[in-house]
Amino acid sequence: MASSSFRILPAFSLIAVSVLAAAGTSQWVYFGPDHKLRYRTDGRGNRIMDFSFAGFQAGGVKLPTAPVAKTLSPVTGDNTAQIQSAIDAVSHLPLTAEGLRGAVLLRPGSFDVAGAVTISASGVVLRGSGSGDGGTAIRLTGSPHRFLEIRGSGTWDAVADSARITDAYVPSGADSFHVDKAAGSHVGDSVLVRRPVTDAWIHFMHMDTLVRDGKQQTWIKAGSFIRTDRVIRSISGNLIALDVPLSDSIDSQFLNPPGATVVRYAFPGRISQAGVESLRIAAPTQDVPITDKQYTALMMDAVIDGWAKDIAIQETQNGIVIGAGAKRVTLDSVRIVHTVPHSGSAAPADFSLSGTQIFLSRCSVRGEGTWPIVTQAQVTGPIVVLNFTSDERGVAPHQRWATGLLVDSSQLSNSTERTPGIAFSNRKTAGSGHGWDIGWAVAWNVTSPFLLVEQPPGTMNWAIGCTGKPVSAGEPSGIFDSPNSPVAPASLYLEQLRERLGQ
């Protein structure tokens, strides 16, 4: 985090930020007479987005159970080769109608693993026999390494000419816009909405004044694009509707030229229906700088509809990484424990999140000295953290403009004024110009001793129904709605999901 200290805001500052709702009711999302959610918009139509599309198969779908195709018992010494060989064998099996090939089942016992294991084919699952005592234990040995990578190959490849978005302004939370040409586009096409990074927008965000040790810092490079990965839901004339709302606004005043565009893409190397479940991973205890090699648990990238569930992790640093090419990924009951505090000035992150439509449910971090959850650069939501618990710190977007994060019904204990449990902020020159780390983020019914919620230019961040003391790092405060009084629904994500898919 930035080195600047935070200060507690006096109570009257909250009233200056927003007109507070009655106790227990949000002014931004609330139940109407029909007991359906209503959403307040600002003068430009921006609203809190529908986060319910986060997770495996866009939310509300039970994780599949792959049939067992290979069963392994632990062998003396390194088990890397036998696990990888079984995964490779299953990877060559035919796909079922459900998109599964099969699971490699690890019997109860302790598997020493001295090298990395990789799942690089669709429909393959690595499954243990339980994450508790009497289950499957992965014991990382040898030099520091990552246990498992679930990843395809390649990246997005444009397969058609782009269409220019012609609306002067597309609000955050919207799911449709007009283009200059829709001919050649079809319902079901996978598309990238490309939001350009321009000098005008960087200046508007006050991110062209970052100087550290006499050197200009680059927040986001002008001429690059922030990509939002979506599917076309409908086309009416030149109006295109997407399957999932946008997590950021598109303002032509700052983005033209060249302007925002939409383009059809292919991602042939991206794998699907792959996961890991029901085991525990134990690493040797380390307290090393984050620049040193580390024992880590899992990396997922170039995957759609992937998952990790019922995983217990001990002592890793930077344990879980979700890459930019990941989409519709669920992490369910992934629990990380540290018995030795990390003492470095730069703390590792237990859950490092990129990609889109990422869902963390019932995950937790115990121990000191890490950042439990961070988002990385240019991440577009929905990203949902539901029922998360941590002993120290909490959810702290890290750098360079993520959008569309919901932290929902979470308990973030023992945070400090300097390391708040929620930190939606301008990190300024920290980390060579991390700057504004997030916009359009919501903390909903979160409990934490300290809450840092700041307001980027042209954007909103919210703390709704949250219990804790607001702190400031010098930027305009975000919206504190129903402070210290939890609101209905208890979970925004679950209510949005129920209204979209049914009871």
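Scroll up to find the structure.
Everything in this summary refers to the structure shown in the same document. (Residues numbered from 1 in each chain as written. Predicted model: local features only at pLDDT ≥ 70, side-chain atom pairs only at ≥ 80, totals over all residues. Heavy atoms only, no water.)

Here we come to the nonpolar core. With 67 residues, the main nonpolar core has Ile320, Leu331, Phe351 and Ile422 as its most contacted residues. In contact with isoleucine 320, other than residues within four places in its own chain, are Ala297, Leu298, Ile313, Leu331, Val334, Ile336, Asp350, Phe351 and Ser352. (Core = buried A, V, L, I, M, F, W, Y, C linked by side-chain atoms within 4.5 Å. Buried < 20%, exposed > 50% of the residue type's maximum accessible area, 1.4 Å probe, protein only. Contact = heavy atoms within 4.5 Å.)

On to the side chain of glutamine 273. Residue position: glutamine 273 is located in strand β22 (residues 271–282). Given a relative accessible area of 8%, glutamine 273 falls into the buried group. Apart from residues lying up to four places away in sequence, glutamine 273 is in contact with Phe56, Gln57, Pro64, Glu98, Gly99, Leu100, Ser122, Gly123, Val124, Ile304, Asp305 and Trp307. (Helix = DSSP H or I, 4+ residues; strand = E, 2+ residues; numbered from the N terminus.)

The tally for this structure, following the rule as stated, stands at 15 salt bridges. Measuring nitrogen to oxygen at the nearest pair gives 2.6 Å for the salt bridge that ties glutamate 277 to arginine 127. Highlighted residues: glutamate 277 in strand β22 and arginine 127 in strand β8 (residues 124–127), separated in sequence by 150 residues. Comparing glutamate 277 with arginine 127 shows no difference in burial state: the two are buried. Its salt-bridge partner being aspartate 332, residue arginine 362 comes within 2.9 Å of it at the nearest N-O pair. Taken together, the positions of arginine 362 in the loop between β28 (356–361) and β29 (364–366) and aspartate 332 in strand β26 (residues 327–337) put the pair 30 residues apart, joining distant regions of the chain. Arginine 362 sits in the partly exposed class, given a relative accessible area of 48%. (Salt bridge = Lys/Arg side-chain N within 4 Å of Asp/Glu carboxyl O.)

Scanning the entire structure with this criterion turns up zero disulfides. Here cysteine 363 is not cross-linked by a disulfide; its sulfur's nearest cysteine counterpart is in cysteine 466, at 19 Å. Judged by relative accessible area, cysteine 363 falls into the buried class, the value being 1%. (Disulfide = S-S within 2.5 Å.)

Two numbers describe a pair of aromatic rings. These are the distance of the centres and the angle of the planes. Taken as a whole and assessed by the stated rule, the structure comprises 10 aromatic pairs. Between tryptophan 201 and tryptophan 219, the ring centres sit 5.2 Å apart and the planes meet at 40°, which makes this aromatic pair tilted. With a gap of 18 residues between them, tryptophan 201 in helix α3 (residues 199–204) and tryptophan 219 in the loop between β17 (215–216) and β18 (225–236) connect regions that are remote in the sequence. The class of tryptophan 219 is buried, set by a relative accessible area of 3%. (Phe/Tyr/Trp six-rings, centres within 6.5 Å; stacked < 30°, edge-to-face > 60°.)

Turning to the sheet that holds strand β23 (residues 296–301), a few remarks are in order. Taken in spatial order, the six strands make up an open sheet running β7-β10-β23-β25-β27-β30, and their pairing is parallel. Two strands in the sheet have a free side with no partner beyond their single neighbour: β7 (117–119) and β30 (371–375). For this sheet the average axis-to-axis angle between neighbouring strands, irrespective of direction, equals 10°. Two elements, β7 and strand β10 (residues 146–151), share three bridges in a ladder whose sense is parallel. (Pairing = 2+ DSSP bridges. Axes fitted to C-alpha atoms, helices over the stretch in contact; angles between N-to-C directions.)

When β10 meets β23, the two strands line up parallel, connected through five bridges. Across the sheet, glutamate 149 pairs through a bridge with methionine 299, a residue of β23.

Next up on the list: helix α2 (residues 80–91). Under the 1.5 Å per step criterion, the end-to-end length of α2 is 16 Å for 12 residues, consistent within 8% with the ideal 16 Å. Regarding α2, the residues found buried are Thr80, Ile83, Gln84, Ala86, Ile87, Val90 and Ser91. What you see down the axis of α2 is that its buried residues fit within an arc of 160°, all on one side. (Expected span 1.5 Å × (residues − 1). Arc of directions from axis to C-beta.)

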